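Residue strings, one per chain:
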Amino acid sequence: MDSASLLHHLREELDAFRGCLDGDLAVPVEHCGAWTLHDLAEHLGTQNLWSAAAVTEGHGRYKADAAPRDPAAVAPWFEDTSTTLLKALSRDPSDEAWTFHPPHTVGFWRRRRALETLIHRWDAEHALGTARPLDPALAGEGVAEVFDTMAPMQVSRGRVEAPRVALRLEATDLGSSWSYGPGTPVATLAGPAEQLLLLLWGRTAVTDGAFVWRGDRQAGLAALSGITTP
């Protein structure tokens, strides 16, 4: 997906997340530990500011203030963090920026923030019982990011071992596929891009009826268990 499209999706997903903040901020968010919707808003908003600083200040040491405790003040605060982020990302996507993984460009943050916001918009809507579908193309970009950025980063930081065999994921609604690991894939897991992304980020289970296995399922499950996201 090109960088301009990612910036467009980021705006849409930020607006959609903002809409959730008119709901009950005390509602628990199922897949985020003990977090409430307020905690999730604070996480996403402070990360908006941290990412903006990575672009404008060129480092990853920025510490944002916590979100307001007053529920009525959270939505305006979040809007301000979104405005700051979008302003920072309005520059040329090829411009240099501090990032935690290559490429070290503004375009990296357009992609990362669009996908982070996509997942957490779903988290927020799911918590409120209003979860809407994910854009298939953006979800596919999210699957690609897991394999080209998130999983390799986890390996490089010693959190998981490098894969010993390869697994292929197929997005049945996109006609796209991705492989992770060395050699010819031992198994293929097929399903809609949305479900594949939610699986990789721990929001759904591999036993969901949306998935179909081909090849060595047991080896595929073992390979899948080694793919972790932050």
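As a reminder, the structure under discussion sits directly above these lines.
What counts, and at which threshold
Residues numbered from 1 in each chain as written. Predicted model: local features only at pLDDT ≥ 70, side-chain atom pairs only at ≥ 80, totals over all residues. Heavy atoms only, no water. Pairing = 2+ DSSP bridges. Helix = DSSP H or I, 4+ residues; strand = E, 2+ residues; numbered from the N terminus. Axes fitted to C-alpha atoms, helices over the stretch in contact; angles between N-to-C directions. Contact = heavy atoms within 4.5 Å. Buried < 20%, exposed > 50% of the residue type's maximum accessible area, 1.4 Å probe, protein only. Polar contact = N/O pair within 3.5 Å; in protein donor to acceptor, adjacent residues only side chain to side chain. 1 Å grid on protein atoms, 1.4 Å probe; cavity = no way out; pocket = protein on both sides within 12 Å on 5 of 7 lines; lining within 4 Å. Points joined across faces, edges and corners; volume = space filled by probe spheres on them. Nonpolar A, V, L, I, M, F, W, Y, C, P; charged D, E, K, R; others polar.

Draft legend 1. How the structure looks around the sheet that holds strand β2 (residues 176-180). Strand order in the open sheet made by the 4 strands is β2-β1-β3-β4, with mixed pairing throughout. Strands with a single pairing partner mark the edges of an open sheet, and in this sheet they are β2 and β4 (212-215). Shown here is a sheet whose adjacent strand axes are inclined to one another by a mean of 20°, direction ignored. Bridging between strand β3 (residues 185-191) and β4 involves 4 bridges; their strand directions are antiparallel. Across the sheet, residue A190 finds its bridge partner in β4, namely V212. Its contacts with the sheet put helix α5 (residues 136-156) on β1 (166-171) and β2, and the angle it makes with β2 is roughly 5°.

Draft legend 2. View of the side chain of H59. Within the element layout of this structure, H59 appears in the loop between α2 (37-56) and α3 (71-88). Take H59: its relative accessible area is 14%, and that puts it in the buried class. Only 2.9 Å separates the side chain of H59 from the side chain of E57, close enough to count as a polar contact. In terms of polar contacts, H59 uses its side chain to reach the backbone amide nitrogen of R61, at 3.0 Å.

Draft legend 3. Broad picture of the layout of surface pockets. Here the largest pocket is characterised by a volume of approximately 370 Å³. Residue lining of the largest pocket: 19 residues in total, with H43, R112, E116, W201 and P230 positioned closest to the centre. Elements represented by at least two residues in the lining of the largest pocket include exactly α2, α4 (106-128) and α5. Looking at the lining of the largest pocket element by element, the count peaks at 7 residues for α4. In terms of residue class, the lining of the largest pocket is built from 11 nonpolar, 3 polar and 5 charged.

Treat this as a map of the structure, not an account of what it does.
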